[in-house]
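# Architecture and fold: a report
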Amino acid sequence: MVPGDPQTVLQGACPIVASYGKRDFMGSRPPERLERALTALQVSHDVKVYPDSGHRFLTESSGSGAVLARFARMSYHKTDADDAWRRIFAFFGEHLAG
């Protein structure tokens, strides 16, 4: 979730990687606000919105959980999940490398 006042809350933050499914937007707190705040604060970041995904797009489910997730538009999206995991690991590799 994007904080209500991201520039105040994120002052002095560590590098941030974030992935959002566009179908799971938080009303008046879209990820673009997070990206603008991090840019203004000069915090290294990688924020991406996946237009075809919703909540839990990184999480594979099975059985009744998968049916419920699909019905609630919270299902796994392989293409977007693969891209998000690639970005996450690359970001960690860059910022956490010894």
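Given the structure is predicted, the values throughout are model-derived calculations rather than measurements.

Reading the values: rules and limits
- Residues numbered from 1 in each chain as written.
- Predicted model: local features only at pLDDT ≥ 70, side-chain atom pairs only at ≥ 80, totals over all residues.
- Heavy atoms only, no water.
- Helix = DSSP H or I, 4+ residues; strand = E, 2+ residues; numbered from the N terminus.
- Contact = heavy atoms within 4.5 Å.
- Areas by Shrake-Rupley, 256 points an atom, 1.4 Å probe, with all protein chains shown as cover.
- Core = buried A, V, L, I, M, F, W, Y, C linked by side-chain atoms within 4.5 Å.
- Buried < 20%, exposed > 50% of the residue type's maximum accessible area, 1.4 Å probe, protein only.
- Polar contact = N/O pair within 3.5 Å; in protein donor to acceptor, adjacent residues only side chain to side chain.
- Arc of directions from axis to C-beta.
- Phe/Tyr/Trp six-rings, centres within 6.5 Å; stacked < 30°, edge-to-face > 60°.
- Salt bridge = Lys/Arg side-chain N within 4 Å of Asp/Glu carboxyl O.

### Here's the deal with the overall build of the protein
- On a plain count of helices and strands, the protein comes out with 4 helices and 2 strands.
- N-terminal to C-terminal, the α/β element order of the protein is α-β-α-β-α-α.
- Long-range pairs, those at least 24 residues apart, make up 70% of the contacts in the protein with a sequence separation of at least 6.
- Accessible surface, the protein: about 6,300 Å² in total, of which carbon and sulfur atoms supply 55%.

### What to know about the nonpolar core
- Counting 10 residues, the largest nonpolar core consists of Val 2, Leu 10, Ile 16, Ala 18, Tyr 20, Leu 34, Leu 38, Leu 41, Val 43 and Val 47.
- Going through the elements one at a time, strand 1 (16-21) and helix 2 (31-40) are the ones with two or more residues in this core.

### Here we look at the side chain of Asp 83
- Here Asp 83 lies in helix 4 (residues 78-96).
- Of the residues examined, Asp 83 reaches a relative accessible area of 18% and is grouped as buried.
- A polar contact is formed between the side chain of Asp 83 and the side chain of Lys 48, at a distance of 2.9 Å.
- Residues within four places of Asp 83 in sequence aside, it is in contact with Lys 48 and Tyr 50.

### Considering helix 2
- When we look at burial in helix 2, the residues that qualify are Pro 31, Leu 34, Ala 37 and Leu 38. Across the axial projection of helix 2, the buried residues extend over an arc of 120°, all falling on one side.
- Turning to helix 2, the residues buried within the fold contact helix 1 (6-9), strand 1 and strand 2 (45-50).
- Looking one or two residues beyond helix 2, the residue adopting positive phi is Gln 42, at roughly 60°.

### Observations regarding the packing of aromatic side chains
- In this structure the tally under the stated criterion is 2 aromatic pairs.
- Note on Tyr 50 and Phe 57: the rings are 5.2 Å apart at their centroids and 50° apart in plane angle, and the pair reads as tilted.
- For Tyr 50, a relative accessible area of 3% puts it in the buried group.
- Ring geometry for Trp 85 against Phe 89: centres 5.7 Å apart, planes inclined by 25°, an arrangement best described as stacked. With Trp 85 and Phe 89 both in helix 4, this residue pair falls 4 residues apart, about one helical turn.

### Some details on the pattern of salt bridges
- Counted according to the given criterion, the structure contains 4 salt bridges.
- Of the charged contacts in the structure, one is a salt bridge between Asp 83 and Lys 48, with a shortest N-O distance of 2.9 Å. Of the two residues, Asp 83 is situated in helix 4 and Lys 48 in strand 2; the sequence distance between them amounts to 35 residues.
- Taking the relative accessible area as the measure of exposure, Lys 48 reaches 33% and is therefore partly exposed.

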